[in-house]
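Secondary and tertiary structure notes
Given next are the chains, with one letter for each unit.
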Amino acid sequence: QVQLVESGGGLVQPGGSLRLSCAASGIIFSIYAMGWYRQAPGKQRELVARISSGGRTNYADSVKGRFTISRDNAKNTVYLQMNSLKPEDTAVYYCHAALPGRDYWGQGTQVTVSS
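The following refers to the structure shown. Because the structure is predicted, anything quoted here is derived from the model rather than measured.

Bringing the sheet that holds strand β3 (residues 18-25) into the picture now. Pairing within the open sheet is antiparallel, and its four strands lie in the order β1-β3-β8-β7. Pairing within the sheet leaves two strands with one partner each, and these edge strands are β1 (3-7) and β7 (67-72). The average undirected angle you get between the axes of adjacent strands in this sheet is 15°. Where β7 meets strand β8 (residues 77-82), six bridges bridge the pair, whose relative direction is antiparallel. Note that in β8 the partner of I69 across the bridge is L80.

What follows is the structure, given as structure tokens:
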């Protein structure tokens, strides 16, 4: 049974930081590309950041320079460090694990950026 469990969301003031974690089980974590997506109310789910099994990263233009994705294969965990948060970063953030022809989603964690 595959599980992706996100944690670390919450309420933060503009300019603040949060670190999201996603712990995976039931998969061979090291061979999966891992990603973070987000969905704001009334909007489509969008890719925030992705890290390949080999460690290559890519980011949405809106978060470049502010967010950093990383992975720890020994802990089966992917992280998203979010700095300089803005109100427009408010969304439910989802963890995603992908191989060609197969993918899995976490249940999501709410991030709210507000003063």
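Picking up where we left off.
Our focus in this paragraph is the nonpolar core. Counting residues in each nonpolar core, the largest one holds 29 residues, and the members touching the most others are M34, W36, V78, L80, M82 and Y93. Of all the secondary-structure elements, those providing two or more residues to this core are β3, β4 (33-39), β5 (46-51), β7, β8, β9 (91-99) and β11 (109-113). With near-sequence residues (within four places) excluded, M82 lies in contact with G16, S17, L18, L20, R66, F67, Y93 and V111.

Calculation notes
- Residues numbered from 1 in each chain as written.
- Predicted model: local features only at pLDDT ≥ 70, side-chain atom pairs only at ≥ 80, totals over all residues.
- Heavy atoms only, no water.
- Pairing = 2+ DSSP bridges.
- Helix = DSSP H or I, 4+ residues; strand = E, 2+ residues; numbered from the N terminus.
- Axes fitted to C-alpha atoms, helices over the stretch in contact; angles between N-to-C directions.
- Core = buried A, V, L, I, M, F, W, Y, C linked by side-chain atoms within 4.5 Å.
- Buried < 20%, exposed > 50% of the residue type's maximum accessible area, 1.4 Å probe, protein only.
- Contact = heavy atoms within 4.5 Å.

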